[in-house]
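# Reading the structure
The lines below spell out each chain.
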Amino acid sequence: MSEVKRLRMERGLSRDELAAKSGVSSLTIRAHELGTVKGTETKTAEAIANALDVPVQALFSR
């Protein structure tokens, strides 16, 4: 399971809720959860991390 998905689920958020909270599309959230994203723009990572209330590094640690 990806860190994005784990953190999202810990917070009880759906993909759509995280998308709305972060301003990132639910398709992008899904791609990050599935690991199909080759690289992440800094602003996207920051938006997701802020919405999950974690530092950006937490999205990529395992």
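Residues numbered from 1 in each chain as written. Predicted model: local features only at pLDDT ≥ 70, side-chain atom pairs only at ≥ 80, totals over all residues. Heavy atoms only, no water.

### Some words on the overall build of the chain
- When helices and strands are counted, the chain shows four helices and zero strands.
- When the helices and strands of the chain are listed from N to C terminus, the series reads α-α-α-α.
- Expected size for 62 residues packed as a compact globule is a radius of gyration near 11 Å; at 10 Å, the chain falls within 12% of this value.
- Taking all 62 residues of the chain together, the buried fraction comes to 39%.
- Expressed as a percentage of contacts within the chain between residues at least 6 apart in sequence, the contacts between residues at least 24 apart total 49%.
- A total of about 4000 Å² of accessible surface is found on the chain, and carbon and sulfur atoms cover 50% of it. (Helix = DSSP H or I, 4+ residues; strand = E, 2+ residues; numbered from the N terminus. Rg over C-alpha atoms; globule rule 2.2 N^0.38 Å. Buried < 20%, exposed > 50% of the residue type's maximum accessible area, 1.4 Å probe, protein only. Contact = heavy atoms within 4.5 Å. Areas by Shrake-Rupley, 256 points an atom, 1.4 Å probe, with all protein chains shown as cover.)

### Some thoughts on the packing of helix 2 (residues 15-22) against helix 4 (residues 42-52)
- At a minimum axis distance of 8 Å, the contact between helix 2 and helix 4 shows a crossing angle of 110 degrees. The pairing of helix 2 with helix 4 is recorded here as roughly perpendicular in orientation. Note that helix 2 runs across helix 4; the crossing there is right-handed. Across the interface between the two elements, Leu18, Lys21 and Ser22 from helix 2 touch Ala47, Ile48, Ala51 and Leu52 from helix 4.
- Residue classes in the contact of helix 2 with helix 4 are distributed as five nonpolar, one polar and one charged. (Axes fitted to C-alpha atoms, helices over the stretch in contact; angles between N-to-C directions. Parallel < 35°, antiparallel > 145°, perpendicular 65-115°, else oblique. Left-handed = near helix turned anticlockwise from the far one by under 90°. Nonpolar A, V, L, I, M, F, W, Y, C, P; charged D, E, K, R; others polar.)

### Quick notes on the environment of leucine 52
- With respect to the secondary-structure elements, leucine 52 resides in helix 4.
- When its relative accessible area of 1% is taken as the criterion, leucine 52 is described as buried.
- With 42 residues separating them in the primary sequence, leucine 52 and glutamate 10 have C-alpha atoms 9.6 Å apart.
- Discounting chain neighbours no more than four positions away, the residues touching leucine 52 are Val4, Leu7, Arg8, Arg11, Leu13, Leu18 and Leu59.

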